[in-house]
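# What the coordinates show
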Amino acid sequence: MKNDNSKVQWVAPPKLGLLGKSYLMLFLHGLVTAMRHLLFHKSITLQSPDERHAIADPVHYRGVHRLNKDEQGRVKCVACFLCATACPAHCIDIVAEESPWPDREKYPKVFNIDELRCIFCGMCEQACPVEAIELTSFYDLTGASREEMIFDKEKLLSVFDQTKDREPMPSKRVISATTGVAAGGQA
Amino acid sequence: MLPIALDALIKIAVVIGGLMTAAAYLVLAERWIAAWIQDREGPNRVGVPLTKIRLFGLGQPLADGVKFIFKAEYTPGHVDKGLYFLAPVMIFASALAVFAVIPFGGLLPGNIFPASWGVSEPINLVIAPRLDVGMIYVFAMGSIAIYGVVLGGWASNNKYSFLGGLRSSAQLIAYELPMGLGILGVVLSAGSLRLDTIMQQQAQTGAWNAFVQPLGMVVFCVAAFAEATRLPFDLPEAEQELIGGYHTEYFGIKLMMYLVGEYLHMITAAFLIVILFFGGWHFWGLTGSSDTVTWTQAILRIIVLNVKVLGMIFFFMVARWSWARFRYDQLMSLAWLVMLPMGMVNIAYVAVWQEYGEQLATQAGLPPQIAMAVCGWAVLVATWFVGASMAPPAGDNRPRRTPLEPSFPMNLEIPEGAGR
Amino acid sequence: MNPSQGVLAVGTVLAAAGLWLLLPRGNERGRMLGGVLVIAALGCYGAQIPAVGDWFAKGMFHAIALVTVVGAVATISFRSPVYCAIWFGLTLSGTAGLFLLAGAEFLAISTIVVYAGAILVTFLFVLMLSEPEGYTTYDRRSWEAMIAAPTGAVLVGILTMTIAASISMAAQTDTTHASLEKSPSAAKNAIAADAVATPTVPPPTISELGAQLFTRYLISVEAAGVLLFAALVGAAALVTQGGVGRSRTAAATSSGPREGAAHAS
């Protein structure tokens, strides 16, 4: 290492007085701090399965995915593969088929998301042109096997049914005039 | 023959049963204390199995033990098989064997065996009451425990384990010296190596050694913390740097032997500190101080001793979260440059006091114990500050590359704005 | 020569041959044969154990003695020096146990503290750091049979002579044993059994030992102290020399003391 580098800043430790060298103040300070926390402790633990985390903004939380439905109960996805392309973890697997409905060309016959591979970055949500895929505020997802954690189309649609009231789709949201935060509830 | 053997067997059963239960529940207590100090809750879920009753988490030790025992047992392929199995056994066995000479109470009066067995003397609440070299025996077993650490670290064939083993063997050997010096003062004033005699002496004078030999107490406490490898001296395992040190490669029942062995070391250290420096079973006006006891006194003595020991263990647990771990060179300089000279000063002080001070105090009309306490604290304060000014144990944070040259450039020009 | 002496002599010869084969230089088959021979020799000795006295104390004595002997054989016959050191530790523990049985508490405990606790740990430390496989010449040299065997034989001979002399002295002074007239070996056995069977309840040995050390053996204590002090000064001198040399070379090779400071900042 070059010692004459002018960018290197040399830092000297502060000189200690006799009291500082004697370790007594450190001793007392450490002990008093520990005892203060022990005697007057105020737990900040959340008793997890019994209590739930209060999610400040469920609309923007990035949890389990859902596939949105339109007013007629059909899946909104048009199988454009933009989400699968955007996904950095390659966890979205779509098989497209010709659509039975006149308003679009394709629809997803298979739509699988491997929730174990997903890194919950939300890029699929941003890539989607028809607001079909979204991340919900479900955060505690568990399963007994890897297969169980690959969510198929029906499961993703059922997540929508569970969360549509709490977290409306972007086009149904009301922006609160006072806070600027999207509030839950139907328009 | 038979009553003696039975007597010993009953004591062994009581001590081992008590110790294992105590170790299990002390783990729980330590987790609680750690959690409370860190503003958490601690284990509070495990209660009665198969029900929803939680009992504040009192079932946690049982669950932990079951988990340890039923873990899959396999041997890593790269270890030295024989030593890998031997190491935890050695540390566990030696940690248990220490309790052969550690009293867990005073005396029990009279005869609880049938009269035909011919035992009439009071029963001494220590497994090996006739061993004359109790204190040295504790040392011997403590030095055997080093094998467990060194061999475990070496046999694991893992660099973190090896570093942990090296560190701990150096640390344990270094701190055995101040520990011995701290004890010598007590042995000198009691005139015996037997722990029960040492307690008896403190009870009879009424002045605990912590009051009359505070310097010895400080030296011994620091050394006992280091010997038990508890924070702030837990360099051998140092989770943050060595991922557990010498027991990195261990799991299941073998890891449990290591952990319980460490807990036993802490309990031993607490017992020794209490017995040597805090009067053992003695408490003024409560337990009496004579050789003959009534049943009330005997039970009170057991309670007083164990309450003191629990208090000391509580101090061990709080100390864990009070001070940061020492760096390795600070640890060594604390042992060799601070604690060793202080221990020697303590011995010299006690010897001089035994020879001259007591007479002088009596001639001057002072109560000798109070005079000795005053002198002892004066010696402690003086030695501490002289030691601090000569060899700062904690303040010197400069990197030191060789022992002789100051590696930090003392004449360095500090540029403008440095240290902001 | 009566039969029991003959058996003992055969046992000694077997033990010597077995140990020779067990030394870590031959092939596996030879070492197995050596192991068998040593076991046979131990059997020969065991057959001569007199069956008198308190079975409990005698059993303790023989069990600990067996552990000690097996540990000693293993100490010299293992290939890895680390294992040798561990077996040596077992031998030391066995020795301490024998001392304890004989009532010498202080000697027993200090054997463990000094040898097993301090010296052997330091030894292990060095072995693990330097050459755990034992391929260095200074490790091999002690296994040279031509050097090791005569040294061992001389040591054992001296010890045996000393023990025999003390036993015959004890036999002359002790006239209570009727078995004395029968045969020397029986007398030896009887006295050995007697020594084992009546473990002396120790008086306060520590204070007695201290008094002896500082009155009768004061010169020896002082001489040992001077020796240790000289060793300490020598060690300190060696370390200081090494430290100065190292720091000088470090200063010459590296760019000087500021390097350390750069790490600090």
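Each value, and the rule that gives it
Residues numbered from 1 in each chain as written. Chains lettered and ligands numbered in written order. Predicted model: local features only at pLDDT ≥ 70, side-chain atom pairs only at ≥ 80, totals over all residues. Helix = DSSP H or I, 4+ residues; strand = E, 2+ residues; numbered from the N terminus. Buried ≥ 20, exposed ≤ 12 C-beta atoms within 10 Å, placed from the backbone. Contact = placed C-beta atoms within 7 Å. Core = buried A, V, L, I, M, F, W, Y, C linked by C-beta atoms within 7 Å. Domains from an automatic or database assignment. Pairing = 2+ DSSP bridges. Axes fitted to C-alpha atoms, helices over the stretch in contact; angles between N-to-C directions. pLDDT = per-residue confidence, 0-100. Arc of directions from axis to C-beta. Expected span 1.5 Å × (residues − 1). Parallel < 35°, antiparallel > 145°, perpendicular 65-115°, else oblique. Nonpolar A, V, L, I, M, F, W, Y, C, P; charged D, E, K, R; others polar.

### Things to note about the overall build of chain B
A tally of helices and strands in chain B yields 13 helices and two strands. The buried share among the 420 residues of chain B stands at 46%. Looking at chain B alone, contacts between residues at least 24 apart form 75% of all its contacts between residues at least 6 apart.

### Points about the overall build of chain C
A count of helical and extended segments in chain C gives 11 helices and zero strands. Start at the N end of chain C and walk to the C end: the helices and strands fall as α-α-α-α-α-α-α-α-α-α-α. Across the 265 residues of chain C, 18% fall into the buried class. A separation of at least 24 residues holds for 59% of the contacts in chain C among residues at least 6 apart in sequence.

### A closer look at the nonpolar core
If you look at the biggest cluster of nonpolar residues, it comprises 140 residues, and the most contacted ones within it are F220, A224, A270 and I273 of chain B. The leading source of residues in this core is helix α10 (residues 252–277) of chain B, at 17 residues. Excluding its chain neighbours within four sequence positions, the residues that come into contact with A270 of chain B are V309, M312, I313 and F316 of chain B. Of all hydrophobic cores here, the second largest spans 17 residues; its members include V64, A79, C83 and V159 of chain A.

### Looking at unusual backbone geometry
The backbone phi angle of F120 of chain A is positive, close to 55°, even though this residue is not glycine. For F120 of chain A, the position within the fold is in the loop between β3 (106–114) and α4 (123–127). With 15 C-beta atoms counted inside 10 Å, the residue F120 of chain A sits in the partly exposed group. Positive phi is not limited to glycine here, since D39 of chain B has a value of about 60°. Considering the arrangement of structural elements, one finds D39 of chain B in the loop between α1 (2–37) and α2 (60–69).

### Considering the domain arrangement of chain B
Residues and elements named next belong to chain B. Here the domain parsing of chain B yields domain 1 (1–70) and domain 2 (76–333). A separation of 19 Å is found between the C-alpha centroids of domain 1 and domain 2. The interface of domain 1 with domain 2 comprises 19 residues on the first partner and 20 residues on the second. Among the elements that line the side of domain 1 that touches domain 2, the one with the most residues is α1, at 17 residues.

### Overview of the sheet that holds strand β5 (residues 150–151) of chain A
Residue and element names in this part refer to chain A. Pairing in this open sheet of three strands is antiparallel, and the strands run β2-β3-β5 from one edge to the other. At either end of the open sheet lies a strand with only one pairing partner, and these are β2 (92–98) and β5. Examined bridge by bridge, β2 and β3 share seven bridges and lie antiparallel to one another. If you follow D93 over to β3, its bridge partner there is N112. Of the strands in this sheet, β3 and β5 touch helix α5 (residues 153–163), which is tilted by about 85° from β3.

### With respect to the environment of V75 of chain A
Residue and element names in this part refer to chain A. Counting through the fold element by element, V75 comes out in the loop between β1 (65–67) and α3 (82–86). Take V75: there are 18 C-beta atoms within 10 Å of it, and that puts it in the partly exposed class. Counting along the chain gives 32 residues from V75 to Y107, while the straight-line C-alpha distance between them is 8.0 Å. Setting aside its immediate chain neighbours within four residues, V75 contacts L67, K69, Y107, P108, A132 and L157.

### What to know about the confidence of the model for chain B
Residue and element names in this part refer to chain B. Of the residues in chain B, 89% have a pLDDT of 70 or more, and the chain-wide mean is 81. The least confident element of chain B is helix α9 (residues 239–242), whose mean pLDDT is 75; the most confident is helix α8 (residues 214–227), at 90. Of the regions scoring below 50 in pLDDT, residues 400–414 engages in 32 contacts with residues more than four places distant in sequence or in other chains.

### Focus: the confidence of the model for chain C
Residue and element names in this part refer to chain C. On average, residues of chain C score 72 in pLDDT, and 67% of them reach the 70 mark or higher. Looking across chain C, the model is least confident in helix α11 (residues 258–264), with a mean pLDDT of 38, and most confident in helix α4 (residues 81–101), with 87. For the stretch residues 176–184, pLDDT sits under 50, and the model shows eight contacts to residues farther than four places along the chain or on other chains. Low confidence marks residues 190–202, where pLDDT is under 50. Its contacts with residues over four positions away, or in another chain, come to 26 contacts. The ipTM, which scores confidence in the relative placement of chains, is 0.75 for this predicted complex, and the corresponding pTM is 0.77.

### Here's the deal with the pairing of β3 of chain A
Here two bridges tie β3 of chain A to β5 of chain A, and the two strands are oriented antiparallel to one another. Paired with I113 of chain A across the bridge in β5 of chain A is F151 of chain A.

### Topic: α5 of chain A
All names here are of chain A. Within α5, the full set of buried residues consists of L156, V159 and F160. Burial along α5 is one-sided: seen end-on, the buried residues are contained in an arc of 105°. Seen from the open side of α5, the exposed residues pointing more than 90 degrees away from its buried face are E154 and D161. Each element contacted by the buried residues of α5 is listed here: β1, β3 and β5.

### Things to note about helix α13 (residues 368–390) of chain B
The end-to-end C-alpha separation of α13 of chain B is 32 Å, in line with the 33 Å expected for 23 residues at 1.5 Å each. What α13 of chain B keeps buried is the set M372, G376, V379, L380, T383, G387 and A388 of chain B.

### Examining the packing of helix α4 (residues 134–155) of chain B against helix α5 (residues 159–190) of chain B
All names here are of chain B. Viewed as axis vectors pointing N to C, α4 and α5 meet at an angle of 170°, and their least axial separation amounts to 8 Å. Taken together, the axis directions place α4 and α5 in an arrangement best described as roughly antiparallel. In contact with M135, F139, S143, I146, V149, V150, G152, G153 and W154 of α4, α5 contributes S161, F162, G164, G165, L166, S168, S169, L172, E176, G180, I183 and V187. Taken together, the residues of the contact of α4 with α5 break down into 11 nonpolar, nine polar and one charged.

### As for the environment of S189 of chain B
Residue and element names in this part refer to chain B. Structurally, S189 can be placed in helix α5. The spacing of S189 and W353 is 164 residues in sequence and 9.4 Å in space, taken between C-alpha atoms. If sequence neighbours within four positions are ignored, S189 has contacts with V350 and Q354.

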